[in-house]
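Tertiary structure, described
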There are 2 protein chains.
Amino acid sequence: MAPAYSPVTPAIVQRLEEIVGARNVIFGDAEKLEPYSHDEVADTHYAHLPDAVVRPGTADEIAAVMKLANAERIPVTPRGAGSGLSGGAVPAYGGIVLLTDRLNRILEVDPANLMIVAEPGVVTNEINEVLKPHGLFYAGYPMSLETCYLGGNVAENAGGGKAVKYGVTGRYVVGLEVVTPTGDIVQLGGKRVKDVTGYNLLQLMVGSEGTLGIFTKVTLKLLPLPKASVDLLCLFPTAEAAIGAVPRIMTGSGIIPTAIEFMDKTSVQASCQYLNESMPYQDAGAMLLITVDGADEAQVIRDYDAIGEQCLGAGATEVYVADNANTSERIWKVRRNIAEAFKVISPHQSLEDVVVPIAEIPKVVAGLAEIGAKHDIQIPCYGHAGDGNLHATPVMNPTWTLDQWHERLPGVLTDIYRLVASLGGTISGEHGIGHKRLRYLPLVLEDAQLAMMRAVKLALDPNLILNPGKLVPMPQEA
Amino acid sequence: MAPAYSPVTPAIVQRLEEIVGARNVIFGDAEKLEPYSHDEVADTHYAHLPDAVVRPGTADEIAAVMKLANAERIPVTPRGAGSGLSGGAVPAYGGIVLLTDRLNRILEVDPANLMIVAEPGVVTNEINEVLKPHGLFYAGYPMSLETCYLGGNVAENAGGGKAVKYGVTGRYVVGLEVVTPTGDIVQLGGKRVKDVTGYNLLQLMVGSEGTLGIFTKVTLKLLPLPKASVDLLCLFPTAEAAIGAVPRIMTGSGIIPTAIEFMDKTSVQASCQYLNESMPYQDAGAMLLITVDGADEAQVIRDYDAIGEQCLGAGATEVYVADNANTSERIWKVRRNIAEAFKVISPHQSLEDVVVPIAEIPKVVAGLAEIGAKHDIQIPCYGHAGDGNLHATPVMNPTWTLDQWHERLPGVLTDIYRLVASLGGTISGEHGIGHKRLRYLPLVLEDAQLAMMRAVKLALDPNLILNPGKLVPMPQEA
């Protein structure tokens, strides 16, 4: 049973128009509303049309929308670029979709404090473009960085390709301006690298998937730009051999590389085909793409030598070094486009995001093969192996009907999730729960923890109007 | 007005004895209870006797104590080593002090996953002793590491001497077993470096000062032990010159050192005298102690050369290199013992912990001099300058009576806190709010944020029995 929400009436639309201006409201036009009914989740089962879309231009306008929605009990779903992979920006209960794309300015570059302040609608990649002349960088590197927004990165606590060394988005978020579900504007944190003044509401907001607040300003901590960087492409005969090398790389060499990405043969071939790229090594059984960066070249060479040794010792057949920006970008582009390529090949698939302790990832690859065989489907696999985070992607057996797929997929997912839970892992490392994984949360979280999450949600959003149906299963959704 | 709590009656004591065993309960003996009435805050004004002290041996026993206390409305104050600096372990409303010192085992060293699992009563220093043979280390380095407990480090989100490069305690906490205020035992996180499964209750617990849960197991992420490390001792003619060099070190050299510690002349002399140490350079106006570490010696030499250049350019008169463990430890021991030395010289002082954006710290030093002059007191200063985190320490004017000191100190603190707030800073970087700074919180946090904190506290501790009077000012305490 859904919570008792009110509909968006023409009278409400008029009040929304008074807040954000008539041209920043979409209502009553299914064709114009449709793009806001889904994110990048392939399965249309998860789509839901909003009643209205609003595009506020300031934090004050967002606060006014929230006050109205809270008073009238209308659900509000914040949305950035819509590049999410768990249905987090989909209005599961209808109501208002609130776009942050007009808040798209970089407000301040502050090299003296190693900080940058930006609005949520800034495209992530733009941040490092702006910082380059200052010799600084922001270490977040989601695979969709050319399209995704900073606000969404914070809402999902995005991981990405550099998390092995640099950690995920949350490590760099030191300040947030947040509009609360009840329409207050709150400043959390600031340009400070240490702060124990009160509860860590800042990191509670990070990864809250737009269910506790809407971010209107983000302050990020920066690092000096590494002066040298090299990518290694290590070919292995099998997926098992490649993934088996991962824990060994760090514990054997004593080096934490910037990235350790895993791609099985299917993934590399799909992406090369999609990009019309002719990567010469796509016939290997699997690859590791390893990045090493540092303050000088000699150090980086020593590091990649040591890591290359570990890979060869673990059964790599070849280790190629990409030491110029052009070659590196070509390889990384293949990696970044795997998800997109799979979607084009088959929209009937489920992009997963499991994570386990790093020493357990060989068992995930073996377990996925068993689960695929049991259910008679392919489960190609790629991802951030250095974090124990793998994007296993069950793909519909082409001999099945769509109904069969939808009937059988929950069983496949349950097997995968139980596998990672049994290995000390969990069901999402970076894509989030959204509404796609909501009903599976009890597989990995105890009742007491779910009750704590509900209590926190109700404490900060008593009318459950901000992005309901996501991340926190309410009793009626369990 | 205090919340309506129940007293610890002999009947309650009997039930506590049934849970933890009679020899693990202290009751009705003021002399034995006294050590648990204060932490390391010098001022006895903040002390408060508990009614009873219990020493549970397991998470189950702690859960049983919490269920009893929650049902009976008796406040419970968790306590580790009692080495805190904000009154966090002091039973402000009496009731039960719950010691975690019997939970003192390192449960698991897991080199394959770069993790360690330990109980809260483990002395922090012990962790790195155990890890050394594995070539790994835990990057937490609070100044009291020889006595403080891991559980307290997590509860306070302890900072310390290596936070410039490695961040604070919270960055390394990936899993917690927590007993909730209502007596549930919950597992948050695990041996995973990425996890977006639900709200980040894990980092909400970190730094919650024992007000949201009692930690019974801590899982820490580890790093490969740096193979080389060097300390630089840089002498400056004045405090202003030394602190002025700090922002320049990082932005000028492009290197993030492990540590940048600041000590003014008074601080160095006090600590040397306390330790009977003859550091040859204690006549300099101020010093920076800078640590650089890395994977090899050549790199470390290049880094410290670049940093030394920056210091000389910023007015340093001498830069000494300490490249052996013995000399390094001697210097760091002087740094670690400043707080203790000040306490011996004058118990009538207030150890502060302000933090500002790093580029603003020269203004803090200048502002502290003005505030000292205005109030006719000395405010010696030292601390983690590379984090913008300074331990300014107002000391009673020896011509004053104790009453005058207590009357005037709030005015001094208010001036200091307003100064850092005006610079984009806050009133505690690592020592915490505890009950010492509770009433000053509204100087740096807006009403809306305080209301959010109260809502979270009430959501997870509806009867306000876990460490009341700390961190979250309730309406009756504001």
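The structure this text deals with has already been given above.
Residues numbered from 1 in each chain as written. Chains lettered and ligands numbered in written order. Predicted model: local features only at pLDDT ≥ 70, side-chain atom pairs only at ≥ 80, totals over all residues. Heavy atoms only, no water.

Let's shift gears to the packing of helix 1 (residues 10-20) of chain B against helix 3 (residues 59-72) of chain B. Between two packed helices, the angle of one axis relative to the other and the distance separating the axes together describe the packing. Residue and element names in this part refer to chain B. It is the contact of helix 1 with helix 3, at a shortest axis distance of 9 Å, that shows an interaxial angle of 160 degrees. Relative to helix 3, helix 1 is oriented roughly antiparallel. In the packing of helix 1 onto helix 3, the handedness of the crossing is right-handed. Counted together, Ile12, Arg15, Leu16, Ile19 and Val20 of helix 1 and Glu61, Ala64, Val65, Leu68 and Glu72 of helix 3 form the full contact between these two elements. Within the contact of helix 1 with helix 3, the residues separate by chemical class into seven nonpolar, no polar and three charged. (Axes fitted to C-alpha atoms, helices over the stretch in contact; angles between N-to-C directions. Helix = DSSP H or I, 4+ residues; strand = E, 2+ residues; numbered from the N terminus. Parallel < 35°, antiparallel > 145°, perpendicular 65-115°, else oblique. Left-handed = near helix turned anticlockwise from the far one by under 90°. Contact = heavy atoms within 4.5 Å. Nonpolar A, V, L, I, M, F, W, Y, C, P; charged D, E, K, R; others polar.)

So, about helix 10 (residues 297-313) of chain B. For helix 10 of chain B, with 17 residues, the first-to-last C-alpha span of 24 Å sits near the 24 Å given by 1.5 Å per residue. The complete set of buried residues in helix 10 of chain B reads Gln299, Val300, Asp303, Tyr304, Ile307, Gly308, Gln310 and Cys311 of chain B. Projected onto a plane normal to the axis of helix 10 of chain B, the buried residues spread over an arc of 160 degrees and lie on a single side. Residues of helix 10 of chain B that are buried sit in contact with helix 10 (297-313) of chain A together with strand 12 (228-236), helix 8 (239-253), strand 14 (286-294) and strand 15 (318-322) of chain B. Its side-chain oxygen at 3.1 Å from the backbone nitrogen of alanine 298 of chain B, aspartate 296 of chain B defines the N-terminal cap of helix 10 of chain B. Immediately downstream of helix 10 of chain B, the backbone of glycine 315 of chain B shows phi near 105 degrees, a positive value. (Expected span 1.5 Å × (residues − 1). Buried < 20%, exposed > 50% of the residue type's maximum accessible area, 1.4 Å probe, protein only. Arc of directions from axis to C-beta. Polar contact = N/O pair within 3.5 Å; in protein donor to acceptor, adjacent residues only side chain to side chain.)

With that settled, consider the side chain of glutamate 430 of chain A. All names here are of chain A. Looking at the secondary structure, you find glutamate 430 in the loop between helix 14 (402-422) and helix 15 (447-460). Its relative accessible area of 8% is what places glutamate 430 among the buried residues. A distance of 2.8 Å separates polar atoms of two side chains, one belonging to glutamate 430 and the other to histidine 384.

What follows is about the interface of chain A and chain B. By a frequent convention, interface size equals the accessible area lost on bringing the separate parts together. Each partner contributes to the interface: chain A provides 84 residues, whereas chain B provides 84 residues. The contact between chain A and chain B buries some 6,100 Å² in all, and 64% of this surface belongs to carbon and sulfur atoms. Among the residues of chain A in contact with chain B, Lys194, Val196 and Tyr199 of chain A are the three that bury the most area, contributing 16% of the side total. Applying the counting rule to chain A against chain B returns six salt bridges. (Buried area = accessible area lost by both parts, 1.4 Å probe. Salt bridge = Lys/Arg side-chain N within 4 Å of Asp/Glu carboxyl O.)

Attention shifts here to the side chain of glutamine 203 of chain A. In this structure, glutamine 203 of chain A sits in helix 7 (residues 201-205). From its side chain, glutamine 203 of chain A meets the backbone oxygen of valine 173 of chain A in a polar contact 3.3 Å long. Excluding anything up to four places from it in sequence, glutamine 203 of chain A contacts Gly170 and Val173 of chain A together with Asn200 and Gln203 of chain B.

Residues and elements named next belong to chain B. Ordered in space as 5-6-10-8-9, the five strands form an open sheet in which the pairing is antiparallel. In the strand order of this sheet, the two ends are held by strand 5 (106-110) and strand 9 (185-189), each with one partner. Within the sheet, the average angular offset between the axes of one strand and its neighbour, ignoring direction, is 10 degrees. Helix 4 (residues 124-131) rests against strand 5, strand 6 (115-118) and strand 10 (214-221) of the sheet, and its axis sits at about 40 degrees to strand 5. (Pairing = 2+ DSSP bridges.)

Here the structure, examined in full by the defined rule, presents 14 aromatic pairs over all chains. Aromatic pair tyrosine 138 of chain B and tyrosine 172 of chain B: ring centres 6.2 Å apart, planes at 85 degrees, arrangement edge-to-face. Of this pair, tyrosine 138 of chain B sits in the loop between strand 7 (136-137) and helix 5 (150-156) while tyrosine 172 of chain B sits in the loop between helix 6 (163-166) and strand 8 (173-179), and the two are 34 residues apart along the sequence. For the cation-ring pair, lysine 162 of chain A lies above tyrosine 141 of chain A, with the distance from its terminal atom to the ring centre recorded as 5.0 Å. Here arginine 408 of chain A stacks its cationic end above the ring of tryptophan 400 of chain A, 4.6 Å away from the centre of that ring. (Phe/Tyr/Trp six-rings, centres within 6.5 Å; stacked < 30°, edge-to-face > 60°. Lys NZ or Arg CZ within 6 Å of the ring centre and 35° of its normal.)

Residue and element names in this part refer to chain B. Relative orientation of the contacting elements helix 9 (residues 265-275) and helix 12 (residues 338-345) amounts to 80 degrees, with a least axis distance of 8 Å. Between helix 9 and helix 12, the crossing angle belongs to the class labelled roughly perpendicular. Note on element contacts: helix 12 touches helix 9 through Ile338, Glu340, Ala341, Phe342, Val344 and Ile345, opposite Thr266, Ser267, Ala270, Ser271 and Tyr274. Of the residues contributing to the contact of helix 9 with helix 12, the split by class is seven nonpolar, three polar and one charged.

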